[in-house]
Amino acid sequence: MKTRWFRRFLLPVLAIAMVAASCGDDGGSTSTTPATTVAGPPQFAVGTTMATIQARGKMILGTKFDQPLFGLKNPTNNQVEGFDVEIGKIIARAIFGADGASKIDYQETTSKVREDAVKDGKVDIVVATYTINDARKQIIDFAGPYYVAGQDILVKKTNTTITGVESLAGKKVCTVQGSTSLTNIQAKAPQADVSITFDKYSLCVEALKDGRVDAVTTDNIILLGFINDDPTNLKLVNKPFTTEPYGIGVKKGDTAFRAFVNDTLEKAYADGSWKKAWDATAGKTGQAAPTPPPVNRYA
Ligand code: GLU
């Protein structure tokens, strides 16, 4: 008799009490929070550029396609590779989550079209060995810098006469239209013959190899990328004569997006992903990863 009473009345009451207790302290709410939460994509306020890119499912990245170890479309597999590309992937992961690197639409953005590409909304960001300067800041804004280069000179290994920017008088020097390299060389070596220019540095390197020009000038780290591909024929003069802080171009006035990209860079500095990106790409030139420069959150 006693056992039947226990089964019929006390057991169900005990069971109900246990279920109620497992629902927490709020008097038996029917909460269904799972024990483990699967992390979804990051959440952004509606109307921000981050939310717009995420909703589109692609981040449009303007970068170079001809600069070894920085932004190069590899003809053997059609992948775009390099340090700038890795920086782009870090930003894409911050927007989309872990699979962000697969959600990039790469657009070739040569030096002279970079400001317009950002201003006209053809790309979301430009990461393309892009020097931050006041003239460009009239048209777009920059996150970063994420690296600081210096302009230098590339010559054939056999060359003995070009030893620095002061030795370029009368020499044919190739560089790229729309670059700081062109304006700098005109200012610092006014006697140099800069009548041959192209829209890409790879074309200048070809002109150097076949003797149409005596030298190529642009940032040292870009030139080292070309030397890495042909170390028997090319050498760097190795006398940098400018400072080129590389920024990430974003639309002018988009302060929330610029702050987000700056935050993302700082996280990448702190968690080692910036250094990992360097070591896998530009580090192959033999240049050890430098201490990354502090980002400049200018007003
Ligand atoms: N960093 C320089 C510039 O932004 C030269 C390299 C380039 O043309 O991408 O103009």
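Just so it is clear, the structure is predicted and the values come from calculations on it, not from any experiment.

### Some details on helix α9 (residues 255-271)
At step 1: End to end, α9 covers 24 Å across 17 residues, agreeing with the expected 24 Å (1.5 Å per residue, within 8%).
At step 2: For α9, every residue scored as buried is listed here: F257, R258, F260, V261, N262, T264, L265 and A268.
At step 3: Packed against the buried residues of α9 are α2 (49-56), α3 (83-96), β6 (125-126), β7 (140-149), β13 (244-251) and α10 (273-280).
At step 4: Remark: G272 follows α9 within two positions and exhibits a positive phi of approximately 90°.

### What to know about the state of the cysteines
At step 1: A complete count under the given rule lists one disulfide for this structure.
At step 2: Covalently, C174 is tied to C204 through a disulfide, its sulfur atoms 2.1 Å apart. Looking along the S-S bond of the C174-C204 disulfide, the torsion reads about -70°, which is the left-handed sense. Placement of the pair is C174 in strand β9 (residues 173-176) and C204 in helix α7 (residues 201-209), with a sequence separation of 30 residues.
At step 3: The buried category is assigned to C204, whose relative accessible area is 0%.

### Remarks on the sheet that holds strand β8 (residues 151-156)
Think of a sheet as strands paired side by side through backbone hydrogen bonds, with each pair either parallel or antiparallel.
At step 1: Spatial strand order, β10-β9-β11-β8-β12: five strands in an open sheet with mixed pairing. Each edge of the open sheet is held by one strand with a lone partner, namely β10 (197-198) and β12 (234-236).
At step 2: The pairing of β8 with strand β11 (residues 215-219) spans four bridges and is antiparallel. Bridging from a neighbouring strand, I153 pairs with T217 of β11.
At step 3: Where α7 meets the sheet, its contacts fall on β8, β9, β10, β11 and β12, and the angle it forms with β11 comes to roughly 155°.

### What about the pattern of salt bridges?
At step 1: Overall, the coordinates contain eleven salt bridges when judged by the stated rule.
At step 2: In this structure, K103 and D99 form a salt bridge, with 3.3 Å as the shortest nitrogen-oxygen distance.
At step 3: Across the pair D134 and K137 runs a salt bridge, and its minimum N-O distance is 3.9 Å. With D134 and K137 both in helix α5 (residues 134-137), this residue pair falls three residues apart, about one helical turn.
At step 4: A cluster of three or more residues bridged by salt bridges with shared partners is formed by D263, E266 and R297.

### Considering empty space enclosed by the protein
At step 1: In total, this model carries one cavity of 30 Å³ or more according to the counting rule given.
At step 2: Counted as a void, the largest cavity has a volume near 70 Å³.
At step 3: The wall of the largest cavity is formed by 13 residues, among which R114, T129, S179, Y201 and D219 lie closest to the centre.
At step 4: Broken down by secondary-structure element, the contributors of at least two residues to the lining of the largest cavity are α6 (180-188) and β11.
At step 5: Its residues placed into classes, the lining of the largest cavity shows two nonpolar, seven polar and four charged.

The rules we used
Residues numbered from 1 in each chain as written. Predicted model: local features only at pLDDT ≥ 70, side-chain atom pairs only at ≥ 80, totals over all residues. Heavy atoms only, no water. Helix = DSSP H or I, 4+ residues; strand = E, 2+ residues; numbered from the N terminus. Expected span 1.5 Å × (residues − 1). Buried < 20%, exposed > 50% of the residue type's maximum accessible area, 1.4 Å probe, protein only. Contact = heavy atoms within 4.5 Å. Disulfide = S-S within 2.5 Å. Pairing = 2+ DSSP bridges. Axes fitted to C-alpha atoms, helices over the stretch in contact; angles between N-to-C directions. Salt bridge = Lys/Arg side-chain N within 4 Å of Asp/Glu carboxyl O. 1 Å grid on protein atoms, 1.4 Å probe; cavity = no way out; pocket = protein on both sides within 12 Å on 5 of 7 lines; lining within 4 Å. Points joined across faces, edges and corners; volume = space filled by probe spheres on them. Nonpolar A, V, L, I, M, F, W, Y, C, P; charged D, E, K, R; others polar.

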